[in-house]
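An overview of the molecular structure
These are the residues of each chain, in order.
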Amino acid sequence: MPTPFEVLALPLRREILDRLRAGPRLVGELACELGVAQPILSKQLKILRDTGFVEVHAEAQRRRYALRPEPLAAVADWLEPYRWLWERQLDRLGEHLDAMPDDSEDPS
């Protein structure tokens, strides 16, 4: 079974997860939104389902996929010790922006 990082390495899988953030979607909706053939999408959805990133609900012949937060929370937990790396950079950027003159100020 692939690790969460291996699952997230494929851009199409990340795009699927991005679409599911807005709420559950039918396979056909996802295929249309992403411009991907349904068999290709179904293969990637199966990987996402098997690794716990999504869950599927059957509605007659249709399948509605929804995001599961637990695997993403596990990735976030793993990244937590590294958060200081980008937070420090963002703090420095904020300080730099605060120190810049405001272009909207009237020079007169």
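Predicted, not measured: the structure shown is a model, and the values here were computed from it. (Residues numbered from 1 in each chain as written. Predicted model: local features only at pLDDT ≥ 70, side-chain atom pairs only at ≥ 80, totals over all residues. Heavy atoms only, no water.)

All right, on to a negative patch on the surface then. Among the surface-exposed residues, Glu 87, Asp 91, Glu 95 and Asp 98 lie close enough to one another that they form a single negatively charged patch. With respect to the element layout, Asp 91 can be found in helix 6 (residues 83-99). (Patch = residues over 30% accessible without salt bridge, like charges linked within 9 Å, V, L, I, M, F, W, Y side chains within 5 Å. Areas by Shrake-Rupley, 256 points an atom, 1.4 Å probe, with all protein chains shown as cover. Salt bridge = Lys/Arg side-chain N within 4 Å of Asp/Glu carboxyl O. Lys, Arg positive; Asp, Glu negative; His and termini not counted. Charge placed at Lys NZ, Arg CZ, Asp CG, Glu CD. Helix = DSSP H or I, 4+ residues; strand = E, 2+ residues; numbered from the N terminus.)

Taken from the UniProt record, the annotation "domain: HTH arsR-type" (unreviewed entry) applies to residues 1-87. Along residues 1-87 one finds 60% helix and 16% strand; the C-alpha atoms at either end are 33 Å apart. (UniProt positions renumbered as here; feature names shortened; annotations may be inferred.)

On to the packing of aromatic side chains. Scanning the model with the defined rule gives two aromatic pairs in all. Ring plane angle 65° and centroid distance 5.1 Å describe the contact between Phe 5 and Trp 78, whose orientation is recorded as edge-to-face. Of this pair, Phe 5 sits in helix 1 (residues 4-8) while Trp 78 sits in helix 5 (residues 69-79), placing them 73 residues apart in sequence. Residue classification places Phe 5 among the partly exposed residues on the basis of a relative accessible area of 40%. Residue Trp 78 is classed as partly exposed on the basis of its relative accessible area, which comes to 47%. Arranged with centres 5.2 Å apart and planes meeting at 35°, the rings of Trp 78 and Tyr 82 form a pair that is tilted. (Phe/Tyr/Trp six-rings, centres within 6.5 Å; stacked < 30°, edge-to-face > 60°. Buried < 20%, exposed > 50% of the residue type's maximum accessible area, 1.4 Å probe, protein only.)

On the surface, a nonpolar cluster with roughly 700 Å² of combined accessible area is contributed by Phe 5, Trp 78, Leu 79, Tyr 82, Trp 84, Leu 85 and Trp 86. Elements that contribute at least two residues to the nonpolar patch include exactly helix 5 and helix 6. Counting residues per element, the nonpolar patch draws most heavily on helix 6, which supplies three residues.

It is worth spelling out unusual backbone geometry at this point. Here Ala 60, not a glycine, exhibits a phi torsion of approximately 60°, which is positive. Checked against the element boundaries, Ala 60 lands in the loop between strand 2 (54-59) and strand 3 (62-67). Classification of Ala 60 by relative accessible area gives exposed; the value is 68%.

Grouped together as the largest cluster of nonpolar side chains are 18 residues, with contacts concentrated most on Ile 16, Leu 41, Leu 45, Leu 48, Phe 53 and Val 54. Secondary structure elements with two or more residues in this core: helix 1, helix 2 (11-20), helix 3 (27-34) and helix 4 (38-50). Not counting residues up to four positions away in its chain, the partners in contact with Leu 41 are Ile 16, Val 27, Leu 30, Ala 31, Leu 34 and Val 36. (Core = buried A, V, L, I, M, F, W, Y, C linked by side-chain atoms within 4.5 Å. Contact = heavy atoms within 4.5 Å.)

Right, let's get into the sheet that holds strand 3. The antiparallel open sheet is built from three strands, whose spatial order is 1-3-2. Since the sheet does not close on itself, it has two edges, and those belong to strand 1 (25-26) and strand 2, each with one partner. Here strand 2 pairs with strand 3 via six bridges, running antiparallel. Bridge pairing in strand 3 places Ala 58 opposite Arg 63. The strands touched by helix 4 are strand 2 and strand 3; relative to strand 2, the strand with the most contacts, the crossing angle is about 115°. (Pairing = 2+ DSSP bridges. Axes fitted to C-alpha atoms, helices over the stretch in contact; angles between N-to-C directions.)

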